[in-house]
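# Structure assessment
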Amino acid sequence: MPQVPLTCAQTGQPVPDYLVHTLDGNFVDGSGRTLLLRGVNLSGSSKAPVGHPSHILKDFWEAGEAGSESFVGQPLNLADGSADEHLRRLRGWGFNMLRYPITWEALEHEGPGKYDYEFIDYTIRVLRKCKEYGFKVYLDPHQDVWSRFSGGSGAPYWTLPACGINPRAFTATQAAILHCEYPSPPPDSRDPASLPSMIWSTNYGRLASQTLFALFFGGRTFAPKCIIDGINIQDYLQFHFTRAFAILAERIRDAGGLLDEVVIGWDGMNEPAEGFIAYPDLNVYPTVQGSTLKKGSVPSPAQSFRLGMGIAQTVDYYTLGGFGPIRDGTVTIDPCGASIWADPADEPGGVHPRWKWRRDPQWKLGLCVWALHGVWDVETGYILQPDYFRYLPLSTSVPTPPSAESESRVEVDFLHDFFLPQVTSYFSAIRAAHPNAIAFVQVPVFAVPPEVPETLLQGRACAAPHYYDGLTLISRHWNWYNADALGMIRGKYSHPVFAVRLGEKAIRACIRSQLGVLKADAVQLGTAPLSAPSLPSSPLAVQARYPTIIGEIGTPFDMDRKASYDPSNPRYGDYGPQERALDASLSAADGANALNYTVWTYCTDSTHRWSDGWNMEDLSLWSSDDLACRIGSPTSTDVTMNGGVGMMTPAHASTATLATLRSASLPYASVSEPAHVRLAFLRDGARAVKAFCRPWPVSTVGVPSTIEFDIGKATVKILVTVRAGDMPRVYKELGEDEGEGEEDTEGAEAKSEKTSGSGTASVHSLESEKILEEKPSPLPTEIFLPLVHFASETCVSRSLVLAGQQQAQTIPDGDADPDTHGTGCVPTGTATPNTYTASTATLLLSSPRLNSVSPSEIRIANEAYDVTVKMSEGHVELCERTQMLRWFYSVPTTPGARKEVWIEVKRTGSAIKYPRGAGARSRKGRAGFAGWLEGLSGGDMNPCPESCIVM
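Residues numbered from 1 in each chain as written. Predicted model: local features only at pLDDT ≥ 70, side-chain atom pairs only at ≥ 80, totals over all residues. Heavy atoms only, no water.

## Focus: the overall build of the protein
Cut-off, in case you're wondering: Runs of E in the DSSP output that reach at least two residues are strands. Runs of H or I that reach at least four are helices, and both are numbered from the N terminus. Exposure classes here rest on a 1.4 Å probe applied to the protein chains alone. A residue is buried below 20% of its type maximum, exposed above 50%, and partly exposed in between. Should any heavy atoms of two residues lie within 4.5 Å, those residues are counted as being in contact. Accessibility throughout is a Shrake-Rupley quantity obtained with a 1.4 Å probe, and a residue counts as covered only by protein chains that appear here.
Check the secondary structure of the protein and you find 26 helices and 30 strands. The buried share of the protein, taken over its 951 residues, is 58%. For the protein, the proportion of contacts with a sequence separation of at least 24, taken over those separated by at least 6, is 71%. If you sum the accessible surface of the protein, you get close to 35,300 Å²; carbon and sulfur atoms cover 54% of it.

Laid out in structure tokens, this is it:
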């Protein structure tokens, strides 16, 4: 790992110790340890204003037109104390990173240039709350299919009339599918609860979204007549988008104490789309399945043009087959003359009466903008230029002979020609306010990133692709088969059948392989590194300069027709299939990939009926409908609801206060109540918690080579590559003698020797037989070790009693954790392979030999944990309050030297078997063959017909 810089290249100022760096394909902390940043999107609820989820039609249009909707309160309620509960829960799950979605609409809904400073100041208060819990945050300018008013989220209402569009005609023309009007607006036919899963994403292939993105990215090129306030619609939209988020950045900067300390960077536009740009033939819908889902009606671009002008069309209809969308006949759509193109009367004299923009006379309202530019003829419906968006327009300054015209035309490269200029302008504006901002570069879904120049990235960047198991997401079922979706979209297979994977083992390997490909895409960012070569264990042919974070990854929880939500279903409260699906995705981020990620999503208002409050998506890791007081509890005497968010008050009241919840000095927010109370709290309301609350190396001395966690055996093994130069830098504490620890001229070695109090040790290198010099690291590798997986039997049983509200068994006051003070680590001396009952077990540093008979092994057992630890060398400390295992070992000091160290942690005995929801707790055992199967599988198999769906 290269040395952490001492001076910031962007500002010329000394680098603060809290600054997160991007070096050699990794995030790196101020001491030089490799960071893995893993967390959650907070929150999917931020796509809509408080109290107005996507299924509500009342005042939907009126509030949009008035620009009166406020997003204050999204994602957290700061007034009722629930924000502390939710952030405490997220921290207790081990998360240290938040992706923070904010929509353009939330910032500028009142009109062009009118910013909602009340919402911005609210956001600053939420970020300060995140700081109290030690989170790092990157801000996400979120959108889906352009806007709430085109069936998704993102842009404010006024951007649609600015583009000459009347969105109230979207449903009639199927230019977009809107949840609140599904399947049609009249009260006697409206049924938003029946919205098919993921149908919203088909809007990426419909007229509204495709037109809006084409204008946003390529208006100057493809719609030169669209002039508003004297500039092209592309420049108008991009200016307002960029300026809105720059205003947010400036306000956060001026607030102080947030940039770099909390907000480490900014995402580009969420899941940007090409629209019509680069479309090969407007007469046909692409036959090869891309990232845009085919489901329901699927008009070709030509058909969507005609529908947008109110002309009836018969279009293809698709349903979901076993391996994806299949054509299932046709359907006729008749808009009955309704048009999405705004009436000229809406802008008397070319000026909008509310928004005040002035439209150029050559931009004629009431006419499709693509007809205005000669792409098609409205009277005949004929496409005049089917490849209009495929090529860059010929220069009018140099005459081109007709015979040479086809040869000289240049095909569009969307990413290079349109995406890069926009993202360059955006990040330049952000960095004017936030110079150290990490640029989280996100390209269209599953696209190969372009070569992004280092002049834009400036040494601080991260690739930020998204990944979902598409078949599970669309089918809402964990299948025994799957497919390599990324490989199919990128043309890896000559026929889709070769992409099919059968069996869970093959599926898990396939998902891991896909994430490995996305990680390898990071080589497109910036220049190749000039430091150490790739690690031998790395799957990448070329080492990326910048890290990768999977910005969105997750699984649906409303699987199998909401079986987990139905009290009459045997699977009520059981999230077994969801756990397997989510574990497959997050396990894929482990292995040699060792990826950063932010799971989609955590919604404080998620419910079983309306899911996450947006287009029936149901991916929230937590729901108040899953609290113990709502599922199968015999009494709710000792559970109180605070503001409807589920503040749990256990039978044995905790002595925790807000002060103990917010200790910024601890790597993980911790509390002083007993471990079993914490465990009950962390499980309460969580869905598939064993899948996402996982062990992983948070801060590593060296670089994690592989991470393997077996959820069924509660075993994690971590392999670390340690090189000369990986010795952590220890910053001088405030109040230390000014003469001590001179600036880095002494080097990290001198500082580490002073801190550790140990000399050098001669050891064998793992890569050669020569003797190398080593020194013990002054800082540990810190591994999150969740109670959810590694709690002792005592802790688990007491937590279940607490969750079940069985008041006959109470927790005596004297049974609190022994660790209720200080830093959370209570040393107990040298560890031997015996049972321990204190908070910390220590194994002295040893000198590993090449042919040692067996690695050192210890058992740590107390009221909170019961684990067996094996390691190649070093000593460990277990900090119960932070759920952190601290592993110390030596670092080579011989130039060019490298070694590998490993650690394995296993719950003593076997993995914890939590009750599978209320249905599992209450139903009787099965008889006969079904009972035998279920017993054989430990209760994980449910062969009942209701739960078996073969797609």
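After that view, the rundown keeps rolling.
## Details of helix H9 (residues 301–308)
Of all the eight residues making up H9, eight are buried; the element is thus mostly covered by neighbouring parts of the structure. Those residues of H9 not exposed but buried are Pro-301, Ala-302, Gln-303, Ser-304, Phe-305, Arg-306, Leu-307 and Gly-308. Where H9 is buried, its residues contact helix H6 (170–173), helix H7 (207–222), strand E10 (296–298), strand E11 (313–321), strand E12 (324–333) and helix H10 (369–372). Immediately downstream of H9, the backbone of Gly-310 shows phi near 90°, a positive value.

## A closer look at the packing of aromatic side chains
Definition in use: Aromatic rings from Phe, Tyr and Trp, taking only the six-membered ring of Trp, are treated as a pair when their centres fall within 6.5 Å; an angle between ring planes under 30 degrees marks them as stacked, one over 60 as edge-to-face, and anything in between as tilted. Lysine and arginine charges are scored as sitting over a ring when NZ or CZ, respectively, is within 6 Å of the ring centre and within 35 degrees of the ring normal.
Applying the stated criterion across every chain, the model contains 46 aromatic pairs. Judged by centre distance (5.4 Å) and plane angle (70°), the ring pair of Phe-276 and Phe-305 falls under edge-to-face. With Phe-276 in the loop between strand E9 (263–267) and E10 and Phe-305 in helix H9, this pair connects stretches of sequence that are 29 residues apart. A residue is classified by how much of its surface remains accessible, and Phe-276, at 0% relative accessible area, is buried. Classification of Phe-305 by relative accessible area gives buried; the value is 0%. Arranged with centres 5.0 Å apart and planes meeting at 90°, the rings of Tyr-388 and Phe-389 form a pair that is edge-to-face. Judged by relative accessible area, Tyr-388 falls into the buried class, the value being 14%. Among the residues examined, Phe-389 registers a relative accessible area of 0% and is labelled buried. The ring of Trp-614 has Lys-47 sitting right over it, with the charged end atom 3.3 Å from the ring centre.

## Section: helix H4 (residues 117–132)
Note the threshold: For a helix, the expected span equals 1.5 Å multiplied by the number of residues minus one.
Look at H4: 23 Å from first C-alpha to last across 16 residues, which is about the 22 Å you get at 1.5 Å a residue. The set of residues buried in H4 consists of Phe-119, Ile-120, Tyr-122, Thr-123, Ile-124, Val-126, Leu-127, Lys-129 and Cys-130. Looking at the buried residues of H4, the elements they touch are helix H2 (82–92), strand E5 (97–103), helix H3 (104–108), strand E6 (136–142), helix H8 (233–255) and E9. Of the residues one or two after H4, Gly-134 is the one with positive phi, at around 80°.

## Section: the pairing of strand E21 (residues 715–723)
To be explicit about the condition: Following DSSP output, two strands are said to pair if at least two bridges run between them.
Counted residue by residue, E21 has seven buried out of nine residues, so it is predominantly covered. In this structure, E21 lies alongside strand E30 (residues 898–907), joined through nine bridges in antiparallel fashion. Within E30, the position partnered with Lys-717 by the bridge is Glu-904.

## Brief notes about the environment of Ala-680
Here Ala-680 shows up in helix H20 (residues 675–683). The class for Ala-680 is buried, based on a relative accessible area of 4%.

## Details of the nonpolar core
Basically, it comes down to this: Joining through side-chain atoms within 4.5 Å is the link that ties buried Ala, Val, Leu, Ile, Met, Phe, Trp, Tyr and Cys residues into a set, and such a set is a nonpolar core.
Among the nonpolar cores identified, the biggest contains 213 residues, and Leu-90, Trp-93, Leu-139, Trp-266, Trp-370, Phe-692 and Ile-903 are the most heavily contacted of them. Judged by nonpolar contacts, the second largest core, of 12 residues, contains Val-20, Tyr-138, Ile-438 and Ala-464.

## With respect to the pairing of strand E24 (residues 781–784)
Side chains Thr-781 and Ile-783 project from E24 onto one buried face, and the interleaved Glu-782 and Phe-784 project onto a second face that is buried too. Two strands pair when backbone bridges link them, and strand E19 (residues 696–700) and E24 are joined in this way by three bridges, in the antiparallel orientation. In the sheet register, Pro-697 faces E24, and the bridge partner there is Ile-783. In this structure, E24 lies alongside strand E28 (residues 884–888), joined through four bridges in antiparallel fashion. For Thr-781, the partnering residue across the bridge sits in E28 and is Trp-887.

## Remarks on the sheet that holds E10
What counts, and what does not: Between the N-to-C directions of two axes lies an angle of 0 to 180 degrees, each axis being a line fitted to C-alpha atoms and, for a helix, fitted only over the stretch in contact.
Here three strands make up an open sheet; going across it, the order is E10-E11-E12 and the pairing antiparallel. The outermost strands of the open sheet, each flanked by one partner alone, are E10 and E12. Averaged over all pairs of adjacent strands, the angle between their axes in this sheet comes to 40°, without regard to strand direction. The pairing of E11 with E12 spans eight bridges and is antiparallel. Bridging across to E12, Gln-313 finds its partner in Ile-333. Across the sheet, H9 lies against E10, E11 and E12, angled at about 125° from E11, the strand it touches most.

## Concerning the confidence of the model for the protein
Quick reminder of the rule: Confidence per residue, as judged by the predictor, is encoded in pLDDT with a range of 0 to 100.
Residues of the protein with pLDDT of at least 70 account for 78%, and the chain-wide mean is 84. Scored below 50 in pLDDT, residues 632–671 shows 89 contacts in the model against residues more than four places distant or in partner chains. This model gives residues 805–854 a pLDDT under 50, and the stretch forms 115 contacts once residues within four places in sequence are excluded.

## Considering the pattern of salt bridges
Test applied: By convention in these notes, a salt bridge is any Lys or Arg side-chain nitrogen within 4 Å of a carboxyl oxygen on Asp or Glu.
Per the counting criterion, the structure on display carries 41 salt bridges. With a closest N to O distance of 2.9 Å, Arg-38 and Asp-590 form a salt bridge. Of this pair, Arg-38 sits in strand E4 (residues 38–41) while Asp-590 sits in the loop between helix H18 (576–588) and strand E18 (596–599); the two residues are 552 residues apart in sequence, bridging distant segments of the chain. Between Asp-521 and Arg-490 there is a salt bridge, with the nearest N and O atoms lying 2.6 Å from each other. With a gap of 31 residues between them, Asp-521 in the loop between helix H16 (504–520) and strand E17 (549–550) and Arg-490 in the loop between helix H15 (485–489) and strand E16 (500–502) connect regions that are remote in the sequence. A relative accessible area of 10% means that Asp-521 is categorised as buried. Residue classification places Arg-490 among the partly exposed residues on the basis of a relative accessible area of 27%. In this structure, a network of salt bridges that share partners links the residues Arg-38, Arg-508, Asp-583, Asp-590 and Arg-694.

## Points about the packing of H4 against H8
The condition is simple: When describing relative orientation, an angle under 35 degrees is termed roughly parallel and one over 145 degrees roughly antiparallel, while 65 to 115 degrees is termed roughly perpendicular and anything else oblique. Put simply, a crossing is left-handed when the front helix is turned counterclockwise from the back one by less than a right angle, and right-handed when it is turned clockwise.
Contact geometry of H4 with H8 gives a least axis separation of 10 Å together with a crossing angle of 50°. Here H4 is positioned oblique relative to H8, judged by the angle of their axes. For the element pair H4 and H8, the recorded crossing hand is right-handed. Of the residues in H8, those touching H4 at Tyr-117, Ile-120, Asp-121, Ile-124, Leu-127 and Arg-128 are Ile-247, Leu-248, Arg-251, Ile-252 and Ala-255.

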